[in-house]
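Observations on chain architecture
If you want the building blocks of each chain, they are given just below.
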Amino acid sequence: MVEFKKFENGFEYVEVSNNAARARIALQGAHIFHFARTNEEPILWLSDTSDFEIGKALRGGIPLCWPSFGMNNPDLPQHGFARVGMWRVENHREIDENSTQITFTLNDTKQSRELWNHSFLLELKVILSETLIMELTTTNLDDKPFKITQAFHTYFQISDISNIAIEGLSDKPYLDALTDKHHVQKGDITFFEEFDCVFQEVGSEILLIDKNSTISIKNEGSSSVVVWNPWIEKCKRMSGMRDDAYREFVCIESANAFEDFKILEPKEYHTLKATIC
Ligand code: BG6
């Protein structure tokens with residue numbers, strides 16, 4: 001079932017539900033801010049201080065970073081503008097009683113062309129079942145090529161930052177964004193300080209291992225993965241989160257970032273796909 005809803009301040013979202021799962025997706029940013037399997041805890045973290053403000057990105061869920069990841073394009077706002085753009089629901093359908101598909105679209109506008117002077121179609125296809133599948137397709141509708149970097153900036157809910165490990169990135173080269181130095185990851189990732197790294201040459205499944213659960217993330221059309229936790233001091237400085245919120249989430253971001261950028265010729269398209277289960 002797909003229901004169109006809004007909060008008291010007019011902030012619009014769709015609630016997608018079937019026998020297997022439920023999701024809430026804001027029209028602003030096509031931002032998935034809730035995903036839970038039936039009778040289970042949410043898989044995504046959403047800040048409990050989120051005020052669903054129009055024009056401001058939500059803290060948590062899955063912000064879409066596009067057409068620039070971070071400050072990869074210094075002329076654009078951090079993480080681009082799609083996460084605060086107003087998307088449309090293009091279509092939706094029940095695949096079966098456990099599975100629903102919904103597609104959102106975003107086109108360039110006068111305001112987007114002032115920031116980034118290109119004509120584009122951006123489509124987010126979401127398939128909701130016990131698994132969450134997202135496909136973000138960028139089509140160049142312009143008569144000149146353009147370059148994008150992007151990410152599903154997924155905030156995962158965890159029991160506690162001290163309990164988790166991330167598997168699947170061992171031996172991968174990475175840029176430590178905190179020191180601007182390149183290294184190679186040795187072993188699984190655990191957390192004891194601020195962590196902000198961009199892994200490259202990633203082609204296989206990533207596992208988020210928690211005390212009582214494991215989440216699998218598989219990416220296609222992507223070879224970069226960003227892992228981020230702000231830890232104590234940065235968390236205090238961040239907008240939209242409590243001072244100790246860093247204990248409750250980790251971001252594992254399915255990306256085309258830094259060297260993994262994409263250049264699209266006119267009419268060309270690229271799909272970034274992530275499967276979370
Ligand atoms: C991550 C970056 O992707 O996003 C971090 O690696 C950044 O450096 C974080 O702090 C949050 O960004 P924002 O713009 O949502 O506050």
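Attention in this report is confined to the structure presented alongside it. (Residues numbered from 1 in each chain as written. Predicted model: local features only at pLDDT ≥ 70, side-chain atom pairs only at ≥ 80, totals over all residues. Heavy atoms only, no water.)

Notes on the site of the ligand
So the rule is basically this: We define proximity as follows: a residue is near a molecule or strand when any one of its heavy atoms falls within 4 Å of that partner. Pairs of N or O atoms within 3.5 Å make up the polar contacts considered here, provided that, within protein, one atom can donate a hydrogen while the other can accept it, and that residues adjacent in sequence are counted only when both atoms are side-chain atoms. For the accessible areas, the method is Shrake-Rupley and the probe is 1.4 Å, while residue cover comes only from the protein chains on display. In this analysis a 1.4 Å probe is tested at points of a 1 Å grid over the protein atoms alone, and where it fits but cannot get out there is a cavity; an open set with protein on both sides within 12 Å along at least five of seven lines is a pocket; lining residues have an atom within 4 Å of a point. For this analysis, a molecule is said to be in a pocket or cavity if more than half of its atoms are within 2 Å of the grid points defining it. Just so you know the grouping, Ala, Val, Leu, Ile, Met, Phe, Trp, Tyr, Cys and Pro go in nonpolar, Asp, Glu, Lys and Arg go in charged, and all remaining residues, Gly too, go in polar.
The immediate surroundings of the ligand are formed by R59, F69, Q78, H79, R83, H153, D196, V226, W228, K234, M238 and E253. Between R59 and the ligand, the recorded distance is 3.0 Å, taken from a side-chain N or O atom to an oxygen atom. In the model, an oxygen atom of the ligand is placed 2.5 Å from a nitrogen or oxygen of the D196 side chain. Contact with the protein chains removes 84% of the 400 Å² of surface that the ligand exposes when unbound. Most atoms of the ligand, that is more than half of them, are within 2 Å of grid points of the largest pocket. Split into classes, the residues belonging to the shell around the ligand amount to 4 nonpolar, 3 polar and 5 charged.

Quick notes on the side chain of Q101
Where we set the bar: Going along the chain from the N terminus, every DSSP run of H or I of four or more residues is numbered as a helix, and every run of E of two or more is numbered as a strand. The cut-offs for exposure are 20% and 50% of the maximum accessible area for each residue type, with area from a 1.4 Å probe on protein chains only; residues under the lower value are buried, those over the upper are exposed, and the others partly exposed. Whether two residues are in contact is decided by their heavy atoms, any of which lying within 4.5 Å being enough.
Locating Q101 in the fold gives a position in strand 7 (residues 99-107). The class of Q101 is buried, set by a relative accessible area of 12%. What Q101 contacts, discounting residues up to four positions off in sequence, is N91, H92, R93, I95, K125, V126 and I127.

Remarks on the sheet that holds strand 1 (residues 2-6)
Hydrogen bonds along the backbone pair up the strands of a sheet, which may run parallel or antiparallel. Defined as follows: DSSP-based pairing: two strands are paired if at least 2 bridges between them are found. As a rule, the C-alpha atoms of each element are fitted with a line to give its axis, helices using only the stretch in contact, and angles between N-to-C directions run from 0 to 180 degrees.
Pairing is antiparallel across the open sheet formed by 4 strands, whose spatial order is 1-2-3-4. Each edge of the open sheet carries a strand with a single partner, namely strand 1 and strand 4 (31-37). Each strand of the sheet is rotated relative to its neighbour by a mean of 20 degrees, with strand direction disregarded. Here strand 2 (residues 12-17) pairs with strand 3 (residues 21-26) via 5 bridges, running antiparallel. Across the sheet, Y13 pairs through a bridge with A26, a residue of strand 3.

Brief notes about unusual backbone geometry
The omega torsion across W66 and P67 is 0 degrees, close enough to zero to call that bond cis. Mapping P67 onto the fold places it in the loop between strand 5 (64-65) and strand 6 (88-96). With phi around 50 degrees, F52 is a residue other than glycine that occupies positive phi space. Mapping F52 onto the fold places it in the loop between strand 4 and strand 5. Take F52: its relative accessible area is 14%, and that puts it in the buried class. Despite not being glycine, K267 shows a phi value in the positive range, around 75 degrees.

What to know about the sheet that holds strand 17 (residues 206-209)
The strand order across the open sheet formed by 8 strands is 6-7-8-9-22-18-17-13, and the pairing between neighbours is antiparallel. Each end of this open sheet is capped by a strand with a single partner; those strands are strand 6 and strand 13 (165-167). Here the average twist between neighbouring strands, direction ignored, is 15 degrees. Relative to strand 22 (residues 269-276), strand 9 (residues 132-140) runs antiparallel, the two sharing 8 bridges. Following the sheet pairing, T138 is matched in strand 22 by H270.

Comments concerning the layout of surface pockets
Which entries qualify depends on this criterion: Grid points are joined across faces, edges and corners, and a volume is the space filled by probe spheres set on the points.
Taken as a whole, the largest pocket holds about 650 Å³ of empty space. Taken together, 35 residues line the largest pocket, and the ones lying closest to its centre are R59, Q78, H79, R83 and H153. Taken together, the elements giving at least two residues each to the lining of the largest pocket come down to strand 16 (195-199) and strand 19 (224-229). Of the residues belonging to the lining of the largest pocket, the class tally is 16 nonpolar, 11 polar and 8 charged. In this structure, the second largest pocket encloses a volume near 380 Å³. Every residue lining the second largest pocket is counted, 16 residues in all, and those nearest its centre are E41, P42, Q157, S213 and I215. In the lining of the second largest pocket, the residues fall into 6 nonpolar, 5 polar and 5 charged.

Comments concerning the nonpolar core
Using the following cut-off: The definition of a nonpolar core used throughout is a set of buried Ala, Val, Leu, Ile, Met, Phe, Trp, Tyr and Cys residues joined through side-chain atoms within 4.5 Å.
In terms of nonpolar packing, the biggest core is built from 70 residues, with W87, F104, L124, I166, F191, V227 and V250 touching the most fellow members. Per-element accounting of this core gives the leading share, 5 residues, to strand 8 (residues 120-128). A151, L175, V226 and A255 belong to the second largest nonpolar core, which has 8 residues in total.

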